[in-house]
Amino acid sequence: MKSPGKIITTGIVVVFVALAVWGWLALSRQAPEGDEGPWGGVDVNVIEKYAVDAGREPREPFINTDQGDLLLFVFAFGGAVGGFAAGYYWRRLIAEKTERRRDAT
Amino acid sequence: MLNKSAHWLRNHIVLTLVPVLGLLFLCPTPAYAMHITEGILPANWAAIWYVIAIIFLVIGIWVIRKRTKEVRGLVPLLGVAGAVIFLISVFPVPVPVAGSCSHPCGTPLGAILVGPFISTVLGALALLIQALFLAHGGISTWGANIVSMALVGSFAGFGAFILFRRFNAPIFVAAFAAGLLGDWATYATTSFELASALHGTSSLWGMFGAIAVAFAPTQLPLGILEGLFTGGVVTLVYQRRPELLSRIIPKAFKPVPSTVKGGD
């Protein structure tokens, strides 16, 4: 890594990371805990908390899939289909081209 | 005939439906995100964010139509970017010490792969599907969520990547910075959107600071995670298919002096 640009930019990123770790540890005690308790999402613990404090209650979604095990089903099914989609296109993008190149040579 | 039908199915139905279904159904719970929930923003503020979002969406759709005609092989790249943006933007990550969960955005990576305007459209589609079917975000807050995650995440990440590459940063470092800064910019924008709509008679910037600080313990480390992921994927794509990235953002991939054989 002889280029000064590489050294400077890498140094900047290292400073960012160091500041982020420091901020994470320093501010963790102040992390708000919402109705969900530990490991709650920030949209409930932060966004909805400030909204409710300001008098804006969240509404139910138009199509509420958060009922019983419906969301669990959606998540499991979506994980399978989403993973397939990402893998399928990744293969088209990377693996097939590489194979073609190898065959050509 | 059978072969022809199979070919048509593969190219037209599967290629369209698979990513759409993937985007549609991949959601863990409605409670792990930066998404502003349905009904939180007053109508006037929701409308303002909608107007900003629509302007960029129109440009983005125009860019997609233009690019797909010009660049062969863009469709698989769009598929990967779209699926990744959706996967990441609903993937809850528990953050130790802070004791809460949140998710990265994926749009900085999308912006590097396909450009910021197209990434904005892909992010908007992911957010729409989440809002409609997954109790994640909302229709009234769709514009605000597009602006924070899809638009600002894409442009901040893309800008950081270009800037770092201009200073000869290695691919991984530039992409890491893009992921890190794109993620933080998204949550800063969400803080501003909430503060601007909800501050009432109190100070706008006071409330902005309070919300940003509340996000910080969760989002600062997640920015690092998003940086690592973005850096890893961009480096991998660059090593395997460098021409894909050089076509999208040629200036960022000018040859730079490197001590490593084979590039960065």
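Residues numbered from 1 in each chain as written. Chains lettered and ligands numbered in written order. Predicted model: local features only at pLDDT ≥ 70, side-chain atom pairs only at ≥ 80, totals over all residues.

A. Spatial organisation of the overall build of chain A. Along chain A, the regular secondary structure elements total 3 helices and 1 strand. The proportion of buried residues among the 105 residues of chain A is 25%. (Helix = DSSP H or I, 4+ residues; strand = E, 2+ residues; numbered from the N terminus. Buried ≥ 20, exposed ≤ 12 C-beta atoms within 10 Å, placed from the backbone.)

B. Geometry of the sheet that holds strand β1 (residues 93-95) of chain B. Spatially, the 3 strands line up as an open sheet ordered β1(A)-β2(B)-β1(B), and their pairing is mixed. In the strand order of this sheet, the two ends are held by β1 (40-41) of chain A together with β1 of chain B, each with one partner. Sheet topology note: the β1(B)/strand β2 (residues 100-102) of chain B ladder contains 3 bridges and is antiparallel. What sits directly across from B:Val93, in β2(B), is B:Ser102. Helix α8 (residues 204-240) of chain B rests against β1 and β2 of chain B of the sheet, and its axis sits at about 125 degrees to β1(B). (Pairing = 2+ DSSP bridges. Contact = placed C-beta atoms within 7 Å. Axes fitted to C-alpha atoms, helices over the stretch in contact; angles between N-to-C directions.)

C. Quick peek at the interface of chain A and chain B. Tallying the contact residues gives 64 residues for chain A and 70 residues for chain B. Sorting the residues of the side of chain A that touches chain B by element identifies α1 (4-27), β1, α2 (42-53) and α3 (70-104) of chain A as the ones contributing at least two each. The element contributing the most residues to the side of chain A that touches chain B is α3(A), with 19 residues. Across the side of chain A that touches chain B, the residue classes break down as 37 nonpolar, 16 polar and 11 charged. (Nonpolar A, V, L, I, M, F, W, Y, C, P; charged D, E, K, R; others polar.)

D. View of the environment of B:Glu38. As for its position among the elements, B:Glu38 is in the loop between α1 (2-25) and α2 (43-70). Taking C-alpha positions, B:Glu38 is 22 Å from B:Gln219, a pair spaced 181 residues apart along the chain. When sequence neighbours within four positions are dropped, the list of residues in contact with B:Glu38 reads A:Pro58, A:Arg59, A:Pro61, B:Gly138, B:Ile139, B:Ser140 and B:Thr141.

E. Expanded view of the confidence of the model for chain B. All names here are of chain B. For chain B, the mean per-residue pLDDT works out to 82, and 80% of the residues sit at or above 70. Low pLDDT, under 50, characterises residues 12-32; the stretch is placed with 61 contacts to residues that sit more than four places away or in other chains. Between residues 256-264, whose pLDDT stays under 50, and residues either more than four places distant or in other chains, the model counts 8 contacts. Predicted as a complex, the structure gets a pTM of 0.83 and an ipTM equal to 0.85. (pLDDT = per-residue confidence, 0-100.)

F. Quick peek at the packing of helix α4 (residues 107-114) of chain B against helix α5 (residues 116-133) of chain B. Residues and elements named next belong to chain B. Viewed as axis vectors pointing N to C, α4 and α5 meet at an angle of 135 degrees, and their least axial separation amounts to 7 Å. Here α4 lies oblique to α5, going by the angle between them. Handedness of the crossing formed by α4 with α5: right-handed. Contact residues: Thr107, Gly110, Ala111 and Val114 in α4; Pro116, Ile118, Ser119, Leu122 and Gly123 in α5. Residue classes in the contact of α4 with α5 are distributed as 5 nonpolar, 4 polar and no charged. (Parallel < 35°, antiparallel > 145°, perpendicular 65-115°, else oblique. Left-handed = near helix turned anticlockwise from the far one by under 90°.)

G. The arrangement of the packing of α2(B) against helix α6 (residues 142-166) of chain B in detail. All names here are of chain B. Taken N-terminus to C-terminus, the directions of α2 and α6 make an angle of 50 degrees; their axes are 7 Å apart at the nearest point. Considered as vectors, α2 and α6 are oriented oblique to each other. α6 is crossed by α2, and the crossing has left-handed handedness. Residues Ala46, Trp49, Tyr50, Ile52, Ala53 and Phe56 of α2 pack against Gly143, Ala144, Ile146, Val147 and Leu151 of α6.

H. Region of the structure containing the confidence of the model for chain A. On average, residues of chain A score 81 in pLDDT, and 87% of them are at 70 or above. Here α3(A) stands out as the least confident element of chain A, with mean pLDDT 77; α1(A) is the most confident, with 92.

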